[in-house]
Amino acid sequence: MMPSGPLPRACWTSFISLLLVCCLLPPGTQGQEFQLRVEPQNPVVPAGGSLLVNCSTDCPSAELISLETSLLKESVGSGLGWAAFQLSNVTGDIQLLCSGFCNGSQMIGFSNITVYRFPERVELAPLPLWQPVGENLTLRCMVSSGAPRDHLTVVLLREEEELGRQPAGDGEPAEVTVTVLASRDDHGASFSCRTELDLRSQGLGLFQNSSAPRKLRTFAMPTTPPRLVVPRFSEVETSWPVDCTLDGLFPASEAQVQLALGDQMLNATVVSHGDTLTATATAKAEQESTQEIVCNVTLGGESRETRENVKAYNGPKIDRAKCPQRLTWKDRTMHILQCQARGNPNPKLQCLQEGSMFKVPVGIPFLVRLNYSGTYYCQAASSRGTDVLTVMMDVQGRNPIAITIVLGVLTILGLVILAAASVYVFGVQKRRDIYHVRQSSTRLPLAP
């Protein structure tokens, strides 16, 4: 193997000279009797590390033992049949060449240095924000640096479960993928990848580097739209319920629900149970019109929506301000029960007495009698419904003490008149009686 980096000029000179010597020596005379050993043989060193190399031979007359390399080297000792060199900043795989002479014959020895380095980056590619259940999920692990690559393996994991392993390959950065089928059980699970640099065959060990874990969120969205339950008709300014339900949703607790009346968002109460999501709210139309209710359920970037129309109308309504709930009237007086009702269509308004069901006129004058006292139920009714208002009517008779006095005075007065009339009649009758006069006297005094 040739050196991995460019050689300095002096090294090139030595290398070329060595090649010339090797080529010029006759066959069988190139140090076949004695060998030149290079130790350690095929070492594995960490990137940027140093290495002590010894070139030695058993030849008793060995000379000119040297080490040919492009690496920084320093001679640290020599003796009969050996020479030692310190190599520093070993950054890549390289072949070392020791050369020397024995009895005029050249000796050559080789050793291959393998540099190992741990990956600088082991990263699992970002997972989808939401992964549909039942669809393929591709996991990607990127590995930067790391050597030797033929001893580097990438493993993809779900929690501690191994999903697959592949060699890192020669790409930079290396990318390893594994495809799995997403399930509900994967929701909230952690996925990661790990590199394994196996140098056990070189007498070192198994070195592992792991990426940061990433959590996966899976979801299932039904194909059917939500069920939206609202009344077909509603009364203006009257609250009515809105109910929206969607089944087959996973996870239902993480879905987003929006209920709207036209452009107005409703304050919804959302409850999830299993795979069912229910949202409830109340709505109210401010004027007579056709209102659109919208229920939108969103999960994992997908939405399901249902729309329904509600026709708002003015139902029968008794005007409380113009219909007093308590009345106090006098007996035998004229009054008007001023009650009004509105609605579309115009409602029919009537007030009935509790128990007797006597109907008192509304909006027209009538003579109030004592038997009108009681509780009345005023009802405005139309095809859109009814509205009931309770009215208390208290009819009071005239002052009983004054009447008694007047009657007593009239009675006494009547008796006096009757007595006077009797006396008068009796007196008149006595004055008109027949009297007999004696003839013996021509002049008699009148007797009473």
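Whatever comes next refers back to the structure up there.
Computed from a predicted structure; not experimentally measured.

## Focus on the overall build of the protein
1) Next: Across its full length, the protein holds two helices and 36 strands.
2) Next: Taking the intrachain contacts of the protein between residues at least 6 apart in sequence as the baseline, contacts between residues at least 24 apart amount to 63%.
3) Next: Approximately 26,800 Å² of the protein is accessible, and the part contributed by carbon and sulfur atoms is 53%.

## What about a positive patch on the surface?
1) Next: Taken together, the side chains of Lys-330, Arg-332, Arg-369 and Arg-398 define a basic patch exposed on the protein surface.
2) Next: When its relative accessible area of 48% is taken as the criterion, Arg-332 is described as partly exposed.

## Describing the packing of aromatic side chains
1) Next: In the structure shown here, the tally under the stated rule is seven aromatic pairs.
2) Next: Judged by centre distance (5.0 Å) and plane angle (50°), the rings of Phe-118 and Phe-207 are tilted. Taken together, the positions of Phe-118 in the loop between β8 (105-116) and β9 (121-124) and Phe-207 in strand β16 (residues 206-210) put the pair 89 residues apart, joining distant regions of the chain.
3) Next: By relative accessible area, Phe-118 is classed as partly exposed at 38%.
4) Next: Taking the centre distance of 5.8 Å and the plane angle of 65° together, the rings of Trp-329 and Phe-366 count as edge-to-face. Of this pair, Trp-329 sits in strand β29 (residues 326-330) while Phe-366 sits in strand β34 (residues 365-368), and the two are 37 residues apart along the sequence. An identical accessibility class is assigned to Trp-329 and Phe-366; each is buried.
5) Next: Site record: aromatic cluster; members linked through ring pairs are Trp-329, Phe-358, Phe-366 and Tyr-372.

## Observations regarding the pairing of strand β1 (residues 36-39)
1) Next: Here β1 shows a buried face lined by Leu-36 and Val-38 and an unburied face lined by Arg-37 and Glu-39.
2) Next: In this sheet, strand β3 (residues 49-57) lies alongside β1 in antiparallel orientation, the contact comprising four bridges. For Glu-39, the partnering residue across the bridge sits in β3 and is Asn-54.

## Points about the side chain of Ser-145
1) Next: Along the chain, Ser-145 falls in the loop between β11 (136-144) and β12 (152-158).
2) Next: Here Ser-145 is in contact with Arg-117, Phe-118, Pro-119, Glu-120, Leu-152 and Glu-172, once residues within four sequence places are set aside.

## Focus: the sheet that holds β29
1) Next: Spatial strand order, β29-β36-β35-β32-β33: five strands in an open sheet with mixed pairing. Every interior strand has two partners, whereas the edge strands, β29 and β33 (359-360), have only one.
2) Next: Pairing of strand β32 (residues 348-353) with strand β35 (residues 374-382) involves six bridges; the strand directions are antiparallel. By the bridge assignment for β35, Leu-352 is matched with Tyr-377.

## Details of the sheet that holds strand β14 (residues 174-181)
1) Next: In space, the three strands of this open sheet follow the order β9-β11-β14, with antiparallel pairing throughout. Strands with a single pairing partner mark the edges of an open sheet, and in this sheet they are β9 and β14. If you compare each strand with its neighbour and ignore which way they point, the axes differ by 15° on average.
2) Next: Note that β11 and β14 share eight bridges and pair antiparallel. Paired with Leu-137 across the strands is Val-180, a residue of β14.

## Some points on the nonpolar core
1) Next: Counting 25 residues, the largest nonpolar core has Trp-240, Val-242, Leu-249, Leu-259, Ile-293 and Val-297 as its most contacted members.
2) Next: Taken together, the elements giving at least two residues each to this core come down to β21 (240-246), β22 (256-261), β25 (276-283) and β26 (289-299).
3) Next: Those residues in contact with Trp-240 that sit more than four places away from it in its chain are Val-230, Pro-231, Ser-234, Leu-261, Ala-281, Thr-282, Ala-283, Lys-284, Ala-285, Ile-293 and Val-310.

## Topic: the state of the cysteines
1) Next: Across all of its chains, the model carries six disulfides by this definition.
2) Next: Each sulfur in the disulfide pair Cys-244 and Cys-295 lies 1.8 Å from the other. Measuring handedness by torsion sign, the sulfur bridge of Cys-244 and Cys-295 sits at about -75° and is left-handed. Here Cys-244, found in strand β21, pairs with Cys-295, found in strand β26; they are 51 residues apart in sequence, far enough to count as distant. For the residue pair Cys-244 and Cys-295, the accessibility class agrees, reading buried in each case.
3) Next: Linked covalently through their sulfurs, Cys-351 and Cys-378 form a disulfide whose S-S length is 2.0 Å. Between Cys-351 and Cys-378, the disulfide has an S-S torsion of 110° and is therefore right-handed. With Cys-351 in strand β32 and Cys-378 in strand β35, this pair connects stretches of sequence that are 27 residues apart. This pair shows no difference in class: Cys-351 is buried, exactly as Cys-378 is.
4) Next: Going through the protein in sequence order and numbering each bonded cysteine, the pairs you get are 1-3, 2-4, 5-6, 7-8, 9-10, 11-12.

## As for the pairing of β22
1) Next: With six bridges connecting them, β22 and β26 associate as antiparallel partners. Note that in β26 the partner of Leu-261 across the bridge is Ile-293.
2) Next: Bridging between β22 and strand β23 (residues 264-265) involves two bridges; their strand directions are antiparallel. Its bridge partner lying in β23, Ala-260 is registered against Met-265.
3) Next: Where β22 folds back onto β23 in an antiparallel hairpin, the turn is made up of two residues, including Gly-262, whose phi is positive at roughly 65°.

## A word on the pattern of salt bridges
1) Next: Using the criterion set out here, one finds 18 salt bridges in the structure.
2) Next: Between Arg-149 and Glu-172 there is a salt bridge, with its nearest N and O atoms 2.5 Å apart. Taken as a pair, Arg-149 in the loop between β11 and β12 and Glu-172 in the loop between β13 (161-167) and β14 lie far apart in primary sequence, 23 residues in all.
3) Next: Classification of Glu-172 by relative accessible area gives exposed; the value is 54%.
4) Next: Between Glu-162 and Arg-165 there is a salt bridge; the shortest N-O distance is 2.9 Å.
5) Next: Overall, Glu-162 belongs to the partly exposed group, its relative accessible area being 41%.
6) Next: Looking at Arg-165, the relative accessible area reads 40%, which means it is partly exposed.

Thresholds applied
- Residues numbered from 1 in each chain as written.
- Predicted model: local features only at pLDDT ≥ 70, side-chain atom pairs only at ≥ 80, totals over all residues.
- Heavy atoms only, no water.
- Helix = DSSP H or I, 4+ residues; strand = E, 2+ residues; numbered from the N terminus.
- Contact = heavy atoms within 4.5 Å.
- Areas by Shrake-Rupley, 256 points an atom, 1.4 Å probe, with all protein chains shown as cover.
- Patch = residues over 30% accessible without salt bridge, like charges linked within 9 Å, V, L, I, M, F, W, Y side chains within 5 Å.
- Salt bridge = Lys/Arg side-chain N within 4 Å of Asp/Glu carboxyl O.
- Lys, Arg positive; Asp, Glu negative; His and termini not counted.
- Charge placed at Lys NZ, Arg CZ, Asp CG, Glu CD.
- Buried < 20%, exposed > 50% of the residue type's maximum accessible area, 1.4 Å probe, protein only.
- Phe/Tyr/Trp six-rings, centres within 6.5 Å; stacked < 30°, edge-to-face > 60°.
- Pairing = 2+ DSSP bridges.
- Axes fitted to C-alpha atoms, helices over the stretch in contact; angles between N-to-C directions.
- Core = buried A, V, L, I, M, F, W, Y, C linked by side-chain atoms within 4.5 Å.
- Disulfide = S-S within 2.5 Å.

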